[in-house]
Amino acid sequence: MTEHRTTANEAIRQTVRYTGRVQGVGFRFTAHETAARFRVTGFVQNLDDGRVLMVAEGAADEVERFCCALGETMKRNITAIDIEEPVAAAAEFPDFSIKH
């Protein structure tokens, strides 16, 4: 089986789960505001187990820059990050939103 390498302009979907003090500290708002600076779509949502789920779609390099910017901004609150392997974007999101 051949490993697929993502190119910088390939549209991907990146799913990330953040652990730590990430609920009740403005994490979702910060993710939404940060996403506005990048060409990404998707959502951010609190999970029942205390983590935050983020799904972002866009060009691979843009999604990576967005994830890095959010991680840097919220690093004091994050104790662990679970990053799934990126998959092809489904283009189902019109923008980046906060799910409740």
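Concerning the environment of Asn46
Structurally, Asn46 is set in strand β2 (residues 41-46). On the basis of relative accessibility, which here comes to 25%, the residue Asn46 falls in the partly exposed class. Considered as a pair, Asn46 and Phe66 are 20 residues apart in the sequence and their alpha carbons are 19 Å apart. Once residues within four sequence positions are removed from consideration, Asn46 is found in contact with Gln23, Arg28, Arg51 and Val52.

Describing the nonpolar core
Side chains of nonpolar character tend, in soluble globular proteins, to be buried together. Judged by nonpolar contacts, the single largest core of 22 residues is most densely connected at Tyr18, Phe27, Val40, Met54, Phe66, Leu70 and Phe96. Counting residues per element, the ones that place at least two in this core are β1 (11-20), α1 (27-35), β3 (52-59) and α2 (60-73). No other element matches α2, which puts six residues into this core. Discounting residues that sit within four places of it in the chain, Met54 has contacts with Gln14, Thr15, Val16, Tyr18, Phe43, Val44, Phe66, Cys67, Leu70 and Phe96.

Cut-offs and rules
Residues numbered from 1 in each chain as written. Predicted model: local features only at pLDDT ≥ 70, side-chain atom pairs only at ≥ 80, totals over all residues. Heavy atoms only, no water. Helix = DSSP H or I, 4+ residues; strand = E, 2+ residues; numbered from the N terminus. Buried < 20%, exposed > 50% of the residue type's maximum accessible area, 1.4 Å probe, protein only. Contact = heavy atoms within 4.5 Å. Core = buried A, V, L, I, M, F, W, Y, C linked by side-chain atoms within 4.5 Å.

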